[in-house]
Amino acid sequence: MAKATKPADLRAKTADELNALLLDLKHEQLNLRFQQATGQTEGQSRIRVVRREIARIKTIVAQNEKSAAGAKTSAAIS
């Protein structure tokens, strides 16, 4: 990923796509940590961007789960 993804673009994705993207970002974060430990990191800012992307995706996934749970309980009450 070259640029940060906008939240609106992430909200348009399915849960499976978000989980796949999250997995890719976690692998990238791991690689960046290894590069940092060995002194081979070219851009320190990429670590921060990846960390924020992971948090952004986790937030959207949690919001989706919360809204789905709310829809189930309101349907059960009706």
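In the block above lies the structure referred to throughout.
Since the model is a prediction, treat every value here as computed from it, not as a measurement.

Q: Describe the overall build of the protein, and please don't skip the residues or the numbers.
A: In terms of regular secondary structure, the protein is built from 3 helices and 0 strands. Along its sequence from the N terminus, the protein presents helices and strands in the succession α-α-α. For the C-alpha atoms alone, the extent of the protein along its principal axes is close to 60 × 20 × 15 Å. In the protein, of all internal contacts separated by at least 6 residues, the share reaching a separation of at least 24 is 67%. Total accessible area on the protein is roughly 5900 Å²; 55% of this is exposed by carbon and sulfur atoms. Here the protein contributes 14 positively and 8 negatively charged side chains, and the mean placements of these two sets differ by 8 Å.

Q: Help me get a handle on the pattern of salt bridges, residues and values and all.
A: Within the structure shown, the criterion is met by 2 salt bridges. For the salt bridge of glutamate 28 with arginine 46, the shortest nitrogen-to-oxygen distance reads 2.8 Å. With glutamate 28 in helix 2 (residues 15-38) and arginine 46 in helix 3 (residues 45-77), this pair connects stretches of sequence that are 18 residues apart. A salt bridge links arginine 56 to glutamate 53; the shortest N-O distance between them is 2.8 Å. With arginine 56 and glutamate 53 both in helix 3, this residue pair falls 3 residues apart, about one helical turn. Since its relative accessible area comes to 28%, arginine 56 is described here as partly exposed.

Q: A description of helix 2 should follow, citing residues and the corresponding values.
A: The end-to-end C-alpha distance of helix 2 is 35 Å, a good match for the 34 Å that 24 residues give at a rise of 1.5 Å each. Where helix 2 is buried, its residues touch helix 1 (7-11) and helix 3. In the stretch just after helix 2, glycine 39 is the one whose phi turns positive, near 80°.

Q: Hey, could you go over the side chain of glutamate 53 for me, with residue numbers and the actual values?
A: Using a relative accessible area of 1% as the deciding quantity, one classes glutamate 53 as buried. A distance of 2.8 Å separates polar atoms of two side chains, one belonging to glutamate 53 and the other to arginine 56.

Q: How would you summarise helix 3 if you had to cite specific residues and measurements?
A: Taking 1.5 Å of rise per residue, 33 residues should cover 48 Å, and helix 3 covers 48 Å from first to last C-alpha, within 8% of that figure. Residues of helix 3 that are buried: Arg46, Ile47, Val50, Glu53, Ile54, Ile57 and Ile60.

Q: Provide a residue-level description of the packing of helix 2 against helix 3, including the pertinent values.
A: Packing of helix 2 against helix 3 leaves a shortest axis separation of 10 Å and a crossing angle of 155°. One way to sum up the angle between helix 2 and helix 3 is to call them roughly antiparallel. Helix 3 is crossed by helix 2, and the crossing has left-handed handedness. Here Leu18, Leu21, Leu22, Leu25, Lys26, Glu28, Gln29, Leu32 and Gln36 of helix 2 lie close against helix 3, whose contacting residues are Arg46, Ile47, Val50, Arg51, Glu53, Ile54, Ile57, Lys58, Ile60, Val61 and Asn64. Partitioning the contact of helix 2 with helix 3 into residue classes produces 11 nonpolar, 3 polar and 6 charged.

Here is what the cut-offs are and how they apply
Residues numbered from 1 in each chain as written. Predicted model: local features only at pLDDT ≥ 70, side-chain atom pairs only at ≥ 80, totals over all residues. Heavy atoms only, no water. Helix = DSSP H or I, 4+ residues; strand = E, 2+ residues; numbered from the N terminus. Contact = heavy atoms within 4.5 Å. Areas by Shrake-Rupley, 256 points an atom, 1.4 Å probe, with all protein chains shown as cover. Lys, Arg positive; Asp, Glu negative; His and termini not counted. Charge placed at Lys NZ, Arg CZ, Asp CG, Glu CD. Salt bridge = Lys/Arg side-chain N within 4 Å of Asp/Glu carboxyl O. Buried < 20%, exposed > 50% of the residue type's maximum accessible area, 1.4 Å probe, protein only. Expected span 1.5 Å × (residues − 1). Polar contact = N/O pair within 3.5 Å; in protein donor to acceptor, adjacent residues only side chain to side chain. Axes fitted to C-alpha atoms, helices over the stretch in contact; angles between N-to-C directions. Parallel < 35°, antiparallel > 145°, perpendicular 65-115°, else oblique. Left-handed = near helix turned anticlockwise from the far one by under 90°. Nonpolar A, V, L, I, M, F, W, Y, C, P; charged D, E, K, R; others polar.

Such coordinate-based values are descriptive only and should not be taken to indicate function.
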